[in-house]
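Breakdown of the fold
Residue strings, one per chain:
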Amino acid sequence: MVSFSSISDYLEPSVPVTPYVTARIFNSSSFTYTFPVSKGPKFLRLHFYPATYSNLKPHQFLFSVSSNDYNLLTNFSAFLTVSYIKMMGTDARVVKEFLIYVKDTQTLNVTFTPSPNSYAFINGIEVVSMPENMYFNSKIPKYVNRDRGPIIDNDIALENMYRLNMGGRYVSSNEDTGMYRSWDADYNYILGAEMGVVPACNNPILYTTQTPNYTAPELVYHTQRSMGKLADKYNLTWILPVDSGFYYMLRLHFCNIIPQYSKSGAVVFTIFINNQIAEKEADPFNWTQGSGYPVFQDYIMFVHDSVEKRVKQDLWIEMHPNPHYEKYSDAYLNGVEVFKLSMDKNLASRNPEVDPVDWPPTGKRKNKKTPYAMIIGGIGGAFVWSSIIGLIVFWIRRRVKHDGAANHISSYDLAYRELESIIDRCRHFSVTELKAVTCEFNDKFVIGTGGFGKVYKGCMDNATTTVAIKRLDSTSKQGFQEFHTELKILSKLQHINLVSLIGYCDDEGEMILVYDYMANGTLREHLYNTNKPHLSWKRRLNICIGVAKGLHYLHSGGKCAAIHGDVKSANILLDENWVAKLSDFGLSKLCSEDQLEIHVNTMVKGSLGYVDPEYCLTQQITKKSDVYSFGVVLLEVLCARPVIVVGLRDEQVSLVEWCKTCYKKGNLVEIIDPKLNGEIAPRCLRKFGEVASKCLHEEGSERPAIEEVVWRLEFALQLQEDADKMQEDIEKMDGPETETEKNQEHSFINGINL
Ligand SMILES: Nc1ncnc2c1ncn2[C@@H]1O[C@H](COP(=O)(O)OP(=O)(O)OP(=O)(O)O)[C@@H](O)[C@H]1O
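Residues numbered from 1 in each chain as written. Predicted model: local features only at pLDDT ≥ 70, side-chain atom pairs only at ≥ 80, totals over all residues. Heavy atoms only, no water.

1. Let's talk about the UniProt feature "binding site: ATP" (unreviewed entry) in the protein chain
Mapped onto this structure's residue numbering, the UniProt feature "binding site: ATP" (unreviewed entry) falls at Lys470. Among the structural elements, lysine 470 can be located in strand β26 (residues 465-471). Not counting chain neighbours up to four residues away, the residues in contact with lysine 470 comprise Phe452, Lys454, Val455, Glu486, Met511, Ile512, Leu513, Tyr515 and Asp584. (UniProt positions renumbered as here; feature names shortened; annotations may be inferred. Helix = DSSP H or I, 4+ residues; strand = E, 2+ residues; numbered from the N terminus. Contact = heavy atoms within 4.5 Å.)

Structure follows, in structure tokens:
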């Protein structure tokens, strides 16, 4: 008999009857369960309760488990694992959770193989589907201490090592978001006496498309561990023992729930993973729309231990307030998930020959060196041989030939390195895949056309993801440079107010970029030359604040800071919740934050009517050039007209000049969008006009930094909300109106003079 069922001789009171009281025992040969399932990512959970079954003692069970070609467990002893877990004061059972992508076979096989002279057993198997991009092909991870590494795609399997609810209680599988994950309390893992404080809230958590409601339950975001009064004196540290010789993905969950921290830049901290800086200036408030919005960030790092050859070692997560931000000295974390990544389809054993700086692993790298490959080898070191590298080699060779100077190669050195990391961070699509979702690039799927080419709408991943597919037109003046810049910027920078790049395709001479689809199109198409319903004033204000926050992120992104270079209403996309997303980074300049303080020399590019006059004169673009273009957008939003209208009276042709004249005369109110009549509170309009005017100052040095623009606009919104509230109160009041109230209402409805 290959297998038989048995009942445990004893069940500890803390262990539930189902599924742990019964087990299936396997002797000698392998035994496979086959589950017919749909294609897509699955949780596979294996439940073990080591006990005596049919007179077989717990230590007699030693076995391996594999699933769909992945070795999940090798020579596994549930007895030893539980002994170790008990030392940590937790459970008498063990649940092993794996994340596996089931491909076209639509079957999930789970095979148990006893080790020699041993038995295998299992108490329960759980298979749960998960949303397509929940963990696989999700947000682009950050690589700790290197700029490349594995990506979490359909070819990788993950093992969950830890899932912790910081500062909160154990969250049972029934309290999860339908995926039956359980979340442990973190106090077993926090280092030393410095346990910080545990703020909590009960407000509804404001999930978004970037952090949908299945990401983690509200219970996780309702509590956090932060540093408390002694923040400057110590690091908030968690220690999580893991196996050496593997890559790990850490998903850190944040949600700002402390009322005082309701401003970007209020709390900025540094995150270290194993003593390496994972995030120098973490400002989770800035990564979201504000307080109560959850956000997570994935980090990948290799845990190696080449010196002592320890099989297990500690993974440290540490946080410390960033000393450059004095406002509030604190750091916080709401939850963490730690996953071990498969290497060569093997999650189960140590893989010492894999050197972390040698990605992909030596065994997978192609040895054959073509003359092109040798050029790259010399320039970039270890690399991934992919079609995009092929493309740039071809490009470099062509340039060298045309320019006839070998020293030009070195100027493209950077491009190599950047592209190598892009390849690992972005999803690569084949032309066949993209043709399939657009019916061979059929015009019926076209949703817009820009300078780069046509943009198509498509559905992928079993219709769970709607995307916008931007395909370079062979007749376009744009080309590799814009394609490369867009990939470079968006693969490094992610923010709620920047459009998300899902991937790219460079097969068969194509250059295609794939983005999240933005259901409400561009800001411009809601302002003029449109039949679409008009945007309310408050919605317009929120959109402007979102764009300013996106720009602020871009300008202050540490080593990946950038100048956008083409801010305009057509490059602001709106998602289904009207959240503004800055797009089109083809003209952007990526440089270090220090460099942003000086000027970047460049040939003047941009869109007519939006370009900073100082940039035109000096040919030097600065972050204040973006501030100028943003000022033009503010005027478009207020007046709902194009920036240049030929055929109008001379003084009215340019929106900027016309608004400046009206502003100086104090009659800006006469040129605001008539559809906004009666909607704008006088004080709000005054503040808004003032911000726009500052942004449009002729001299860059006189323009405010975009951070200042953010808070000035937030203040304008506050003024509007106060006025709306007052208006509501007046309307609610019974009895005759007082003279003052009548006047207030009158000025509100008929507008004001500035
Ligand atoms: N992610 C997206 N979601 C929905 N629609 C999009 C998306 N990206 C682009 N579009 C649509 O495609 C049109 C063309 O976009 P694209 O970014 O190529 O051009 P543009 O910015 O208008 O022009 P240019 O590149 O010349 O500045 C947009 O106006 C918009 O209607």
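2. Notes on the packing of aromatic side chains
Using the criterion set out here, one finds 28 aromatic pairs in the structure. Ring centres 6.1 Å apart and planes at 70° place the aromatic pair tyrosine 207 and tyrosine 221 in the edge-to-face group. Of this pair, tyrosine 207 sits in the loop between β13 (184-185) and α3 (218-222) while tyrosine 221 sits in helix α3, and the two are 14 residues apart along the sequence. You can call tyrosine 207 partly exposed: its relative accessible area is 21%. (Phe/Tyr/Trp six-rings, centres within 6.5 Å; stacked < 30°, edge-to-face > 60°. Buried < 20%, exposed > 50% of the residue type's maximum accessible area, 1.4 Å probe, protein only.)

3. Quick notes on the sheet that holds β26
Ordered by their spatial adjacency, 6 strands build an open sheet running β23-β27-β28-β26-β25-β24, and the pairing between neighbours is mixed. Because the sheet does not close on itself, it has two edges, and the strands there are β23 (427-428) and β24 (446-449). Bridge count for strand β27 (residues 501-505) against strand β28 (residues 512-516) is 4 bridges, and the pairing is antiparallel. In the sheet register, glycine 503 faces β28, and the bridge partner there is valine 514. Those strands touched by helix α9 (residues 480-492) are β26, β27 and β28, and its axis lies near 35° from that of β28. (Pairing = 2+ DSSP bridges. Axes fitted to C-alpha atoms, helices over the stretch in contact; angles between N-to-C directions.)

4. Re a nonpolar patch on the surface
The grouping of Leu608, Ile644 and Val646 at the surface amounts to a nonpolar patch, some 340 Å² of accessible area in total. The class of isoleucine 644 is partly exposed, set by a relative accessible area of 34%. (Patch = residues over 30% accessible without salt bridge, like charges linked within 9 Å, V, L, I, M, F, W, Y side chains within 5 Å. Areas by Shrake-Rupley, 256 points an atom, 1.4 Å probe, with all protein chains shown as cover. Salt bridge = Lys/Arg side-chain N within 4 Å of Asp/Glu carboxyl O.)

5. Things to note about the site of the ligand
Taken together, 19 residues lie around the ligand, and Gly451, Asp516, Met518, Asn571 and Asp584 are the ones closest in. Contact between the ligand and methionine 518: a nitrogen atom at 2.9 Å from a main-chain N or O atom of the residue. At a separation of 2.9 Å, an oxygen atom of the ligand approaches a polar side-chain atom of aspartate 584. At the level of elements, β24, β26 and β28 are the ones that each hand at least two residues to the shell around the ligand. Considering each element in turn, the shell around the ligand owes the most residues, 3 residues, to β24. A breakdown of the residues in the shell around the ligand according to their chemical character gives 7 nonpolar, 7 polar and 5 charged. (Near = heavy atom within 4 Å. Polar contact = N/O pair within 3.5 Å; in protein donor to acceptor, adjacent residues only side chain to side chain. Nonpolar A, V, L, I, M, F, W, Y, C, P; charged D, E, K, R; others polar.)

6. Brief notes about the environment of leucine 717
Looking at the secondary structure, you find leucine 717 in helix α17 (residues 706-732). Leucine 717 gets classed as buried once you look at its relative accessible area, which sits at 11%. When neighbours within four sequence positions are excluded, leucine 717 is seen to be in contact with Lys538, Leu541, Asn542 and Ile545.

7. A few points about the sheet that holds strand β18 (residues 276-282)
The strand order across the open sheet formed by 4 strands is β15-β20-β17-β18, and the pairing between neighbours is antiparallel. Bordering the open sheet on either side are β15 (236-243) and β18, each of which pairs with just one other strand. On average, each strand axis in the sheet is tilted by 15° relative to the strand beside it, whichever way the strands run. Sheet analysis places strand β17 (residues 269-273) next to strand β20 (residues 312-321), joined by 5 bridges and oriented antiparallel. Across the sheet, the residue bridging to isoleucine 273 is isoleucine 317, located in β20.

8. Digging into the pattern of salt bridges
Using the criterion set out here, one finds 30 salt bridges in the structure. The residue glutamate 337 makes a salt bridge to arginine 163 at a minimum N-O spacing of 2.8 Å. You can see glutamate 337 sitting in strand β22 (residues 335-341) and its partner arginine 163 sitting in strand β12 (residues 158-165), a full 174 residues away along the chain. Arginine 163 matches glutamate 337 in its accessibility class, with the two residues each being buried. Between arginine 540 and aspartate 673 there is a salt bridge; the shortest N-O distance is 2.8 Å. With arginine 540 in helix α10 (residues 537-555) and aspartate 673 in the loop between α15 (655-665) and α16 (682-695), this pair connects stretches of sequence that are 133 residues apart. For the residue pair arginine 540 and aspartate 673, the accessibility class agrees, reading buried in each case. One network of salt bridges, with partners in common, ties together Arg45, Glu97, Glu126, Arg163, Asp176, Arg181 and Glu337.

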